[in-house]
Amino acid sequence: MTTCPCGSGQSLDLCCAPLLSGAAASSPEALMRSRYTAFTQANAAYLETTLAPEAKEDYNHEETEAWIKEAKWHGLEVRGASEDGDNGSVEFVARYTFRGKPYAHHELASFRKLDGRWVYVDGVMNPRPQQRQVDKVGRNDPCPCGSGKKFKKCCGA
């Protein structure tokens, strides 16, 4: 039994192989995992067929094929996946070595269901979590605890 490169822990035959052979992915995460497996197998044709039409505009098959043949893939970490109707997203980190240098490709990928099949739309590189907004309380402002006292005489003391 060959373990699937996508990191699911399943065998390749039960996990990504059916998708690479033409079966439709059941979710954005399943498509993402199969696309990673396609990278490990230098399967640029599969990568192209799983792109949304607007994503194909910038896709260069020859360049992609040359690049993935040189890369050595080390693993996929799926950090989160969501699905909302015909749209979905997957945050992942793919680790690889290219020309002797290690890389970690961190992306928040967007997917869309098109004619019943999930396709890759685009991605945001190195996504950052939303910053928490905190209001600063001035020394002479009313205390946010609701005591009615100035902050400096209450919680700020």
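Keep in mind it's a predicted model, so treat the numbers as computed, not measured.

**Considerations on the overall build of the protein**
No. 1: In terms of helices and strands, the protein carries 5 helices and 4 strands.
No. 2: Ordered by position from the N terminus, the helices and strands of the protein form the series α-α-α-α-α-β-β-β-β.
No. 3: For the protein, the C-alpha atoms occupy an extent of roughly 70 × 40 × 35 Å along the three principal directions.
No. 4: With 157 residues in all, the protein has 34% of them scored as buried.

**Re the packing of aromatic side chains**
No. 1: Applying the stated criterion across every chain, the model contains 9 aromatic pairs.
No. 2: A ring pair is formed by Phe39 and Trp67, whose centres lie 6.1 Å apart and whose planes are at 90°; its orientation type is edge-to-face. In this pair, Phe39 sits in helix α2 (residues 28–40) while Trp67 sits in helix α5 (residues 61–70), placing the two residues 28 residues apart along the sequence.
No. 3: Exposure remark for Trp67: the relative accessible area of 28% places this residue in the partly exposed category.
No. 4: Between Trp67 and Phe98 the ring centres are 6.0 Å apart and the planes differ by 40°, which places this aromatic pair in the tilted class. Of the two residues, Trp67 is situated in helix α5 and Phe98 in strand β2 (residues 87–98); the sequence distance between them amounts to 31 residues.
No. 5: For Phe98, a relative accessible area of 14% translates into the label buried.
No. 6: Taken together, the aromatic side chains of Tyr36, Phe39, Trp67, Trp73, Tyr96, Phe98 and Tyr103 make up a single cluster linked through ring pairs.

**Some details on the pattern of salt bridges**
Pairing between side chains becomes possible if they bear opposite charge and their charged atoms approach one another.
No. 1: By the definition in use, this model includes 5 salt bridges.
No. 2: A salt bridge links Glu77 to Arg79, with the shortest nitrogen-to-oxygen separation between them at 3.1 Å.
No. 3: A relative accessible area of 33% means that Glu77 is categorised as partly exposed.
No. 4: Here the salt bridges do not stand alone but share partners, grouping Glu77, Arg79 and Arg95 into one network.

**Considerations on unusual backbone geometry**
No. 1: The backbone of Ala42 sits at a positive phi, close to 55°, despite the residue not being glycine.
No. 2: Mapped onto the fold, Ala42 is located in the loop between α2 and α3 (44–49).
No. 3: On the basis of relative accessible area, Ala42 is assigned to the partly exposed category, the value being 22%.
No. 4: Even without being a glycine, Asp115 presents a positive backbone phi close to 55°.
No. 5: If you trace the backbone, Asp115 turns up in the loop between β3 (101–114) and β4 (117–125).

**A few points about the sheet that holds β2**
Paired through backbone hydrogen bonds, the strands of a sheet run either parallel or antiparallel to each other.
No. 1: Taking strand neighbours across the sheet as the criterion, the 4 strands line up as β1-β2-β3-β4 in an open arrangement whose pairing is antiparallel. Two strands close off the open sheet at either side, each with one partner strand: β1 (72–84) and β4. Strand after strand, the sheet turns through a mean of 25° between neighbouring axes, direction not considered.
No. 2: Sheet topology note: the β3/β4 ladder contains 8 bridges and is antiparallel. When the sheet's bridge partners are listed, Phe111 is paired in β4 with Tyr120.
No. 3: The strands touched by α5 are β1 and β2; relative to β2, the strand with the most contacts, the crossing angle is about 55°.

Analysis parameters
Residues numbered from 1 in each chain as written. Predicted model: local features only at pLDDT ≥ 70, side-chain atom pairs only at ≥ 80, totals over all residues. Heavy atoms only, no water. Helix = DSSP H or I, 4+ residues; strand = E, 2+ residues; numbered from the N terminus. Buried < 20%, exposed > 50% of the residue type's maximum accessible area, 1.4 Å probe, protein only. Phe/Tyr/Trp six-rings, centres within 6.5 Å; stacked < 30°, edge-to-face > 60°. Salt bridge = Lys/Arg side-chain N within 4 Å of Asp/Glu carboxyl O. Pairing = 2+ DSSP bridges. Axes fitted to C-alpha atoms, helices over the stretch in contact; angles between N-to-C directions. Contact = heavy atoms within 4.5 Å.

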